[in-house]
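Summary of the model geometry
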Amino acid sequence: MASGTATGDLVRASNDLTARWARDACDGTTTVLSGAGAWPLLAFLAAAAREPGRGELQQAVGVDASGAERHARDLLALLAGGTATTAALGVWTLADLPVEQWWRDAVPAEARGELTGDPAADQAQLDEWVTRNTDGRLTGMPVEVRDDTGLVLATALSIATRWREPFEDAPLVPEGGPWAGRDRPAAGLFVNTPEVDRLALAEATPAGPVTLLTVTGEDDVDVILCLGEPGRPAGEVVAHALAAADGRHELSQGAELLEKAAPGVRVRTIAAFEPGTRLNVTAARFDVAASHDMLARAGLFGLATVSTADPRGHLPGISSAPLAVAQAVQDVNATFSAEGFRAAAVTAMSVALMGFPMAEARVLDVRFDRPFGFFARHRPSGLVLLAGWVAEPQDWPDDTV
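Quick notes on the rules
- Residues numbered from 1 in each chain as written.
- Predicted model: local features only at pLDDT ≥ 70, side-chain atom pairs only at ≥ 80, totals over all residues.
- Heavy atoms only, no water.
- UniProt positions renumbered as here; feature names shortened; annotations may be inferred.
- Pairing = 2+ DSSP bridges.
- Helix = DSSP H or I, 4+ residues; strand = E, 2+ residues; numbered from the N terminus.
- Axes fitted to C-alpha atoms, helices over the stretch in contact; angles between N-to-C directions.
- Contact = heavy atoms within 4.5 Å.
- Salt bridge = Lys/Arg side-chain N within 4 Å of Asp/Glu carboxyl O.
- Buried < 20%, exposed > 50% of the residue type's maximum accessible area, 1.4 Å probe, protein only.
- Domains from an automatic or database assignment.
- Buried area = accessible area lost by both parts, 1.4 Å probe.
- Polar contact = N/O pair within 3.5 Å; in protein donor to acceptor, adjacent residues only side chain to side chain.
- Expected span 1.5 Å × (residues − 1).
- Patch = residues over 30% accessible without salt bridge, like charges linked within 9 Å, V, L, I, M, F, W, Y side chains within 5 Å.
- Areas by Shrake-Rupley, 256 points an atom, 1.4 Å probe, with all protein chains shown as cover.

Looking at an unreviewed UniProt entry, the protein carries the name Serpin family protein, with the source organism given as Actinomadura syzygii. The UniProt entry for the protein carries the following text under Sequence similarities (unreviewed entry): "Belongs to the serpin family."

Pasting the structure below:
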């Protein structure tokens, strides 16, 4: 795995992709996305692509395309090594596709699979992989296996953590804003804690002041809630909250907010047995799901060129056959409850054969379904160790019928 500054650079590059995507996709409607799920796939493609697609993908991932496949493996290892996260990579190649040795070396052996050319059977295989690698939170591969599919790449990311300090279920009755005036209270959560430094304010972002609250997990995952001023674009608020969490905006924390105005925060004085400052948090439960067609934002992901038809193909590092990205989709969900946080994201890309001249193949179908002989031979010396003949087949065991 990458270490030291190299790991920090990879994290920053992936976070930058997430921020750009959030700025574009968070339009005020409910959604959820995972740049960390998409980044490794784009890095693999960047390393395998020819220009101009290579340059576009390199810009999207924020690292040099030369060696980007190593960075993809490093980021996946970082995710897989967490105590609250799991990560898996799957790469399935059509059995007859000529594959470059570089690509075989770039993709870990445990991640490689084969497409049979039967779309229905292959789809079932990929769907089962998704179910297994997300603990059933997602059950289908986001892309469709088609007759011209030569390659499918996918990542599966899962998160499961319990809060270090659980919330209490409580009705959420907004005091103003677009959620006020509901016929019934929303499903809310409440906690009272002395850990006031979990609250922070980024005052001087281009999106205006942003309030951040860190909800601490028992494992190695925290969830950060962020709130901007009313009317601020959702994508800008999320993008600059991400930047603040990465240290790109100065933060005021905890008791410092007693003297500062912060979105969603008010200061009250109450009678108490002991002096001090406490933090009351009220938040909405959420169970969010989304599906993203990444080709609808092809430029953001560096996929504009590599998804176009070209008789030369765009991915010579993978195969001499002309290939182009045909589908790029992410399915993701997340649940924030009183007890903890669970989420899963599957990002998949299918790569199609672009007019590759297919040769006629003939099959030799051999069936040993009548008496036959056999022998065992020591390969280095040619010594025959034993020989025999099968005159009658063995009965099928009763317990397997």
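1. Considering the sheet that holds strand S7 (residues 210-216)
Sheets are built from strands paired through backbone hydrogen bonds, the pairs being either parallel or antiparallel. Overall, antiparallel pairing links the 4 strands, which are arranged S8-S7-S6-S9 in an open sheet. Two strands close off the open sheet at either side, each with one partner strand: strand S8 (222-228) and strand S9 (251-253). Neighbour-to-neighbour, the strand axes of this sheet turn through a mean angle of 25°, independent of strand direction. Judged from the 7 bridges that link them, S7 and S8 form a sheet pairing that is antiparallel. Bridge pairing in S8 places Thr216 opposite Asp222. Of the strands in this sheet, strand S6 (199-202), S7, S8 and S9 are in contact with helix H7 (residues 234-245), which crosses S8 at around 130°.

2. Here we look at the pattern of salt bridges
Opposite charge on two side chains permits pairing when their charged atoms draw close. This model, assessed by the stated rule, comprises 15 salt bridges. With its nearest N and O atoms 2.6 Å apart, the salt bridge here joins Arg248 to Asp16. In this pair, Arg248 sits in the loop between H7 and S9 while Asp16 sits in helix H1 (residues 5-25), placing the two residues 232 residues apart along the sequence. Since its relative accessible area comes to 39%, Arg248 is described here as partly exposed. With a closest N to O distance of 2.3 Å, Asp24 and Arg297 form a salt bridge. In this pair, Asp24 is assigned in helix H1 and Arg297 in the loop between strand S11 (286-293) and strand S12 (323-336), connecting sequence segments 273 residues apart.

3. Examining the domain arrangement of the protein
Each assigned domain of the protein is listed here: domain 1 (1-81 + 85-159 + 289-336) and domain 2 (162-285 + 339-390). One C-alpha centre belongs to domain 1, the other to domain 2, and the line joining them spans 18 Å. Listed by partner, the interface residues are 60 residues for domain 1 and 34 residues for domain 2. On the domain 1 side of the contact with domain 2, Arg23, Ile159 and Phe336 bury the most area, a combined 23% of that side's loss. Applying the counting rule to domain 1 against domain 2 returns 4 salt bridges. Taking the shortest distance from any N to any O, the salt bridge between Arg12 and Asp246 comes out at 3.8 Å. Connecting domain 1 to domain 2 are 21 residue pairs in polar contact (both at pLDDT 80 or more). Ranked by residue count, the leading element in the side of domain 1 that touches domain 2 is S12, at 14 residues.

4. What to know about helix H4 (residues 68-80)
In this model, H4 (13 residues) spans 18 Å end to end at C-alpha, consistent with the 18 Å of a helix rising 1.5 Å per residue. Restricting attention to buried positions, one finds in H4 the residues Ala68, Glu69, Ala72, Asp74, Leu75, Leu76 and Leu79.

5. Regarding a nonpolar patch on the surface
On the surface, Phe374, Leu383, Leu385 and Leu386 cluster together to form a nonpolar patch covering roughly 400 Å² of accessible area. Looking at the secondary structure, you find Leu386 in strand S15 (residues 384-390).

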